[in-house]
Amino acid sequence: MEWEPPRRAQSLPDAENGRYALSPITDGVLRLDTRSGAVSTCTNSGAGWACYAVPDERAALDVEIGRLQADNEKLKAELAAREPTVTGKIDEPMPKTDSLKQPEPKVADGERKIEIPLPSDRDMDRMMSFLERAWRRLIEMANRVQKDVAGKI
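Here's what I pulled together on the structure shown here. (Residues numbered from 1 in each chain as written. Predicted model: local features only at pLDDT ≥ 70, side-chain atom pairs only at ≥ 80, totals over all residues. Heavy atoms only, no water.)

## A look at the overall build of the protein
Point 1. Assigned secondary structure in the protein consists of two helices and four strands.
Point 2. When its helices and strands are written in sequence order, the protein yields β-β-β-β-α-α.
Point 3. Taken over 153 residues, the protein has a buried fraction of 4%.
Point 4. Long-range contacts, defined here as pairs at least 24 residues apart, represent 0% of the contacts in the protein between residues at least 6 apart. (Helix = DSSP H or I, 4+ residues; strand = E, 2+ residues; numbered from the N terminus. Buried < 20%, exposed > 50% of the residue type's maximum accessible area, 1.4 Å probe, protein only. Contact = heavy atoms within 4.5 Å.)

## A word on the pattern of salt bridges
Point 1. Applying the stated criterion across every chain, the model contains five salt bridges.
Point 2. Taking the shortest distance from any N to any O, the salt bridge between arginine 19 and aspartate 33 comes out at 2.8 Å. On the criterion of sequence distance, the pair formed by arginine 19 in the segment before strand 1 (20-25) and aspartate 33 in strand 2 (residues 28-33) is long-range, its members being 14 residues apart.
Point 3. Taking relative accessible area as the criterion, aspartate 33 reaches 7% and is therefore assigned buried.
Point 4. Across the pair arginine 67 and glutamate 64 runs a salt bridge, and its minimum N-O distance is 2.7 Å. Of this pair, arginine 67 and glutamate 64 both sit in helix 1 (residues 57-82), separated by three residues, roughly a single helical turn.
Point 5. By relative accessible area, which is 41% here, arginine 67 ends up partly exposed.
Point 6. One connected set of salt bridges, linked through shared partners, spans Glu64, Arg67 and Asp71. (Salt bridge = Lys/Arg side-chain N within 4 Å of Asp/Glu carboxyl O.)

So, in C-alpha cells, the structure goes:
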C-alpha cells in the first residue's frame, strides 16, 4: 500500500484567475473579492445566480476614524495657539518665591479685588504672648476664687 497525501474537500471554482474566494453558506455562496476586499452573498433564486454586496462596516469605521483624526488635529492646533509651550532647558534660574504666598487672583476690569493678608511672624508672636497672659490671668483668678471659697467654708 502506497502513501497518499490527505485529500481536501473540493472548493467552488474561482473566477478571473483567483480574484474571488468563494465559501459555501447555508443558502448560497459568500464571495470575497481579493483585490478590493468587497464581500457579496450569492444565491440561486431559481431564475439564476445573483450576488448582492454585504454592507461594509469597515468603510463606516474608516470614515469615523478620519473624522476623529481631523478633530484631534484641530484640537491640538487650538491648544498650541492658546498656550506657548516651553521646550528645552532654560538658561536662567527660576526666581525663588515664598511657598506660602498665594498667587494673586486674576480680576476682570471693573471688578473689585478682595485681598486678605496672612499674619506675619511678628503678628503671630504678639498673639501668642497675648494668649499666654490671658491664660495666666485666668489661672490666677481660679486660684483666688478657690482660696476665697476655702477660707469661708
